[in-house]
Amino acid sequence: MISTDSYLYLSRHHVYYFRAIVPDGVRQDLHKREYRRSMQTRSIHVARKIARALRVCFEEHLLKMRGPMATWEELRRILDDKLQQQLALEREKLKTVGPYPVSADDIWKHNTIPSYQRAIKDISRSRAGNASAGSIPEFAKQLAVEILQDSNLMVDQTSAQFTKFCEATMRMYLEFAEQRVLLNDHARSFKPVSLPAPSTLAPMPPSSPRISEVVEKYCKEMVAGGNWTAKTESEYRGGYQTLVTIIQDIPVALVDYKAAQFFKETVMGLPSNMSKKPLYRGRPIKDILAMNIPKEELLSISKINTLLSRISSLFGWALKNGYTPTNPFSGLKIKEKVADHEKRDPFSATDLKALFSSPEYLTGKASHPYHYWLPLLGLFTGARIDELCQLHLEDFYQVDGLWVISINSNGDKKLKNLASARIIPLHTRLMALGLVDYISCLKKKGYARLFPELKKRRDGYSQDASKWFLRFRVRCGVTGKNKPFHSFRHTVIDCLKQKNVPKEIIAAIVGHRDESITTNTYGNPYGPAALAGTVENLIFPIDVSKWKM
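Described below are features of the structure shown in this document. Everything quoted here is computed from the prediction, not taken from an experiment.

On to the overall build of the protein. Counting secondary structure elements, the protein contains 22 helices and 6 strands. Looking at the protein residue by residue over its 549 residues, the buried ones come to 44%. For the protein, contacts bridging at least 24 residues in sequence account for 70% of all contacts bridging at least 6. When the accessible surface of the protein is split by element, carbon and sulfur atoms take 52% of a total near 28,300 Å².

Following this line, the structure appears as structure tokens:
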């Protein structure tokens, strides 16, 4: 059975849909190419549960419409036909564009062919009834189902017939891969090569574009849909370039599980900031891997997982768009022992006292206003540094007599996701320190932004502020790589959590997705009045002088 995730589609509003392709044989009866239905949730866990039920109903309905099951003779015939068809297409392609590079041979011989052989062995064990020794690989199921759908044939996927068909499909792919190696050798040779007559078993997926071509299509779509900023696109493209450098720019359909595993093992031996450090910059990866790199300089597990996740997104898109038969990077991330909440530490009471006992806070004066206000806003709102640095003066206003901060994406402002847009009540401590007066002063001088001294760069308005805060906290004696500005956000969340504030309220304040169907789907978002009491619960042991204009 195809995995449930292959039926999920995330809309641009971050709502999950159930989506299934209607096979050609029943499209005329259903009058549609695909079946789509909103599951009215933004939670992947809830969406998966609903999709399982819808998938069963959808497949049962197709069974009724398609009629009787296919016989083994019919199944054998479509595999024979596909093998001959794909070999004919391959011969024509080699005549037109010439042979594949030698690197493709290496992947076919050492990755593709062995993967088919292992799949055949596993399925054979399953057919023998030894469930502990073998099983049907997920990619084999996907390929078998695609062939059935293209041929308008139906097989019960819980039957022994389907297991036998999966094995036959793998044998067909194996035969095609072996024949393609010989055809490619023939295309490179000036001597006639005697090719054995092909047996009746195995096609490769339709010829697919190279990785670089898929990257261009994917990135173009993500940018056009407004899903990526320039920074995000640059980061994703950097990861894809690393992929091409390591496994070369081969057709995307040739990237199998062995190649994905090879890529993962390779990046685990690479240093961080490889393109920036003079010791590694410009060197071939094979030379870098041969170096004795200190463990502390290697890519962190979180960065490796981020890279694997981005590549998995690319191959997931390629799979849905028919460029590759599988996503070999799915589920490849490395399991970390460190819990999510331990990756960034909240500031302790000692840290806060050290930060807010600096000259800026003892005198109420600073070289730049953001040196004073930015840490305070982080402490009493839990907002991200990007959200705070891009604030406009018009984002501060009153609602029913209550001062609020509007976190929005108006103008040139950017948000992490849809849930990030929110209205936060302004803490009375910030007003007592003179924030509203500071805003009024800026308005009188004709300024539009809260921190006009911060300039917009590639990553937004926070780049200079982030670098300053690193120097500032070290100067205050707050060290450790797990305590960046983002630790203010963890401090706020931890403070409210320890006071038993419901997670839906915390999510509304800090801009996280509310995973509850009840509070997320029904009713309006929490208003400022409903959040004001919780915000006032943010009480910290700091003594700060009022801002002096």
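Turning next to the environment of Gln 261. Residue placement: Gln 261 occurs in helix 9 (residues 257-267). Residue class for Gln 261 comes out partly exposed when judged on its relative accessible area of 29%. Residues Gln 261 and Pro 328, spaced 67 residues apart in sequence, show a C-alpha to C-alpha distance of 8.5 Å.

What follows concerns the packing of aromatic side chains. For the coordinates displayed, the defined rule picks out 30 aromatic pairs. Taking 6.1 Å as the distance between ring centres and 25° as the angle between the ring planes, the aromatic pair formed by Trp 373 and Tyr 438 counts as stacked. Separated by 65 residues along the polypeptide, Trp 373 in helix 14 (residues 369-381) and Tyr 438 in helix 17 (residues 435-444) bring together distant segments of the chain. Each member of the pair Trp 373 and Tyr 438 is classed as buried. Above the ring of Trp 72, the side-chain terminus of Lys 164 is found at 4.5 Å from the ring centroid.

Where charged atoms from two side chains of opposite charge come close, those side chains can pair. In the structure shown here, the tally under the stated rule is 12 salt bridges. As a salt-bridge pair, Asp 351 and Lys 483 come within 2.4 Å of each other at their nearest N and O atoms. On the criterion of sequence distance, the pair formed by Asp 351 in helix 12 (residues 349-355) and Lys 483 in the loop between helix 18 (463-475) and helix 19 (487-498) is long-range, its members being 132 residues apart. With relative accessibility at 10%, the residue Asp 351 sits in the buried group. Given the relative accessible area of 16%, Lys 483 is considered buried. Taken together, the shared-partner salt bridges in this structure form one network comprising Glu 216, Glu 233 and Arg 237.

This part takes up the sheet that holds strand 1 (residues 8-10). Pairing is antiparallel in the open sheet, where 3 strands are placed in the order 1-2-3. The strands lining the two open edges of the sheet, one partner per strand, are strand 1 and strand 3 (34-38). The average undirected angle you get between the axes of adjacent strands in this sheet is 30°. Across 3 bridges, strand 1 lies against strand 2 (residues 16-21) in antiparallel orientation. If you follow Leu 10 over to strand 2, its bridge partner there is Tyr 16.

On to the packing of helix 8 (residues 230-247) against helix 9. How two helices sit against one another is set out by the angle between their axes and by the gap between those axes. Closest axis-to-axis distance for the helix 8/helix 9 pair is 10 Å, and the angle between their directions is 105°. On the basis of the axis angle, helix 8 is roughly perpendicular to helix 9. Two secondary-structure elements touch here, helix 8 through Thr 242, Leu 243, Ile 246 and Ile 247 and helix 9 through Ala 259, Phe 262, Phe 263, Thr 266 and Val 267. Across the contact of helix 8 with helix 9, the residue classes break down as 7 nonpolar, 2 polar and no charged.

Attention shifts here to the sheet that holds strand 6 (residues 422-425). Spatially, the 3 strands line up as an open sheet ordered 4-5-6, and their pairing is antiparallel. Lying at the two open borders of the sheet, with one neighbouring strand each, are strand 4 (396-399) and strand 6. Strand-to-strand twist across the sheet, computed as the mean angle between neighbouring axes with direction ignored, equals 40°. In this sheet, strand 6 lies alongside strand 5 (residues 402-407) in antiparallel orientation, the contact comprising 4 bridges. For Ser 406, the partnering residue across the bridge sits in strand 6 and is Ile 423. Its contacts with the sheet place helix 22 (residues 528-535) against strand 4, strand 5 and strand 6, and it is angled at close to 50° to strand 6.

Relative to each other, helix 3 (residues 72-97) and helix 6 (residues 160-188) sit at 20°, their axes nearing to 10 Å. In this view, helix 3 runs roughly parallel relative to helix 6, as classed from their interaxial angle. As for the relative orientation of helix 3 and helix 6, their crossing is right-handed in sense. Partitioned by chemical class, the residues of the contact of helix 3 with helix 6 number 13 nonpolar, 5 polar and 6 charged.

Right, let's get into the nonpolar core. The biggest cluster of nonpolar side chains holds 75 residues, and the ones touching the most others in it are Met 170, Phe 263 and Phe 329. With residues near it in sequence (within four places) discarded, Phe 329 still touches Leu 243, Val 255, Ala 260, Phe 263, Leu 308, Ile 311, Ser 312 and Phe 315. In terms of nonpolar packing, the next biggest core, distinct from the first, is built from 59 residues, Phe 356, Leu 435, Phe 488 and Ile 506 among them.

Both strand 4 and strand 5 contribute to a ladder of 4 bridges, which runs antiparallel. Along strand 5, the bridge assignment pairs Phe 396 with Ile 405. Connecting strand 4 to the next strand, strand 5, in antiparallel fashion are 2 residues, including Asp 400 with a positive phi near 55°.

Here is what the cut-offs are and how they apply
Residues numbered from 1 in each chain as written. Predicted model: local features only at pLDDT ≥ 70, side-chain atom pairs only at ≥ 80, totals over all residues. Heavy atoms only, no water. Helix = DSSP H or I, 4+ residues; strand = E, 2+ residues; numbered from the N terminus. Buried < 20%, exposed > 50% of the residue type's maximum accessible area, 1.4 Å probe, protein only. Contact = heavy atoms within 4.5 Å. Areas by Shrake-Rupley, 256 points an atom, 1.4 Å probe, with all protein chains shown as cover. Phe/Tyr/Trp six-rings, centres within 6.5 Å; stacked < 30°, edge-to-face > 60°. Lys NZ or Arg CZ within 6 Å of the ring centre and 35° of its normal. Salt bridge = Lys/Arg side-chain N within 4 Å of Asp/Glu carboxyl O. Pairing = 2+ DSSP bridges. Axes fitted to C-alpha atoms, helices over the stretch in contact; angles between N-to-C directions. Parallel < 35°, antiparallel > 145°, perpendicular 65-115°, else oblique. Nonpolar A, V, L, I, M, F, W, Y, C, P; charged D, E, K, R; others polar. Left-handed = near helix turned anticlockwise from the far one by under 90°. Core = buried A, V, L, I, M, F, W, Y, C linked by side-chain atoms within 4.5 Å.

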